[in-house]
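# Reading the structure
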Amino acid sequence: MFKQRYKTVMGFGFHAPFGEDKFEMYSIKFFNKEGNQTIFKSFNKAEVLTLGKDLSNMLNVELYNTLI
């Protein structure tokens, strides 16, 4: 489970951006030898923590929690 920062830029092509919007989301990812796959994103930290713990128990996998 990770916290990630995102930024959106209003603009296109070579024009200067009209503005920026920055926000934080929380995500659950699965990892393997080739990399990772994001399976869930939310603005709600509690929702991600609950779902991450439930998935860990259901799938019998280790939970790596960076949100604590």
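Residues numbered from 1 in each chain as written. Predicted model: local features only at pLDDT ≥ 70, side-chain atom pairs only at ≥ 80, totals over all residues. Heavy atoms only, no water.

## Quick notes on the overall build of the protein
Scanning the protein for helices and strands turns up one helix and three strands. Reading the protein from its N end, one meets helices and strands in the order β-β-β-α. Considering only residue pairs separated by 6 or more positions, the protein has 26% of its internal contacts joining residues 24 or more positions apart. Accessible surface, the protein: about 5,600 Å² in total, of which carbon and sulfur atoms supply 55%. (Helix = DSSP H or I, 4+ residues; strand = E, 2+ residues; numbered from the N terminus. Contact = heavy atoms within 4.5 Å. Areas by Shrake-Rupley, 256 points an atom, 1.4 Å probe, with all protein chains shown as cover.)

## Regarding the environment of S42
Checked against the element boundaries, S42 lands in strand β3 (residues 35-42). Spatially, the C-alpha atom of S42 lies 9.7 Å from that of K3, the residues being 39 residues apart in sequence. Setting aside chain neighbours within four positions, we find S42 in contact with M25, Y26, E47 and V48. Of the polar contacts made by the side chain of S42, one reaches the side chain of E47; its length is 2.7 Å. (Polar contact = N/O pair within 3.5 Å; in protein donor to acceptor, adjacent residues only side chain to side chain.)

## Thoughts on the nonpolar core
A general trend in soluble globular proteins is that nonpolar side chains are found buried together. One finds Y26, I28, V48, L55 and L67 forming the largest nonpolar core, which totals five residues. The set of elements that each furnish at least two residues to this core consists of β2 (19-32) and α1 (45-59). (Core = buried A, V, L, I, M, F, W, Y, C linked by side-chain atoms within 4.5 Å. Buried < 20%, exposed > 50% of the residue type's maximum accessible area, 1.4 Å probe, protein only.)

## Here's the deal with the side chain of S56
Secondary-structure assignment places S56 in helix α1. Judged by its relative accessible area of 14%, S56 falls in the buried class. Apart from residues lying up to four places away in sequence, S56 is in contact with V61, E62 and L63.

## Observations regarding α1
Between its terminal C-alpha atoms α1 stretches 21 Å, which fits the 21 Å expected from 15 residues at 1.5 Å a residue. Among the residues of α1, those classed as buried are V48, G52, L55 and S56. Take α1 and look down its axis: the buried residues cluster within an arc of 100 degrees, on one side only. Counted as exposed and oriented over 90 degrees from the buried face of α1: N57 and M58. The first or second residue beyond α1 is N60, which carries a positive phi of 55 degrees. (Expected span 1.5 Å × (residues − 1). Arc of directions from axis to C-beta.)

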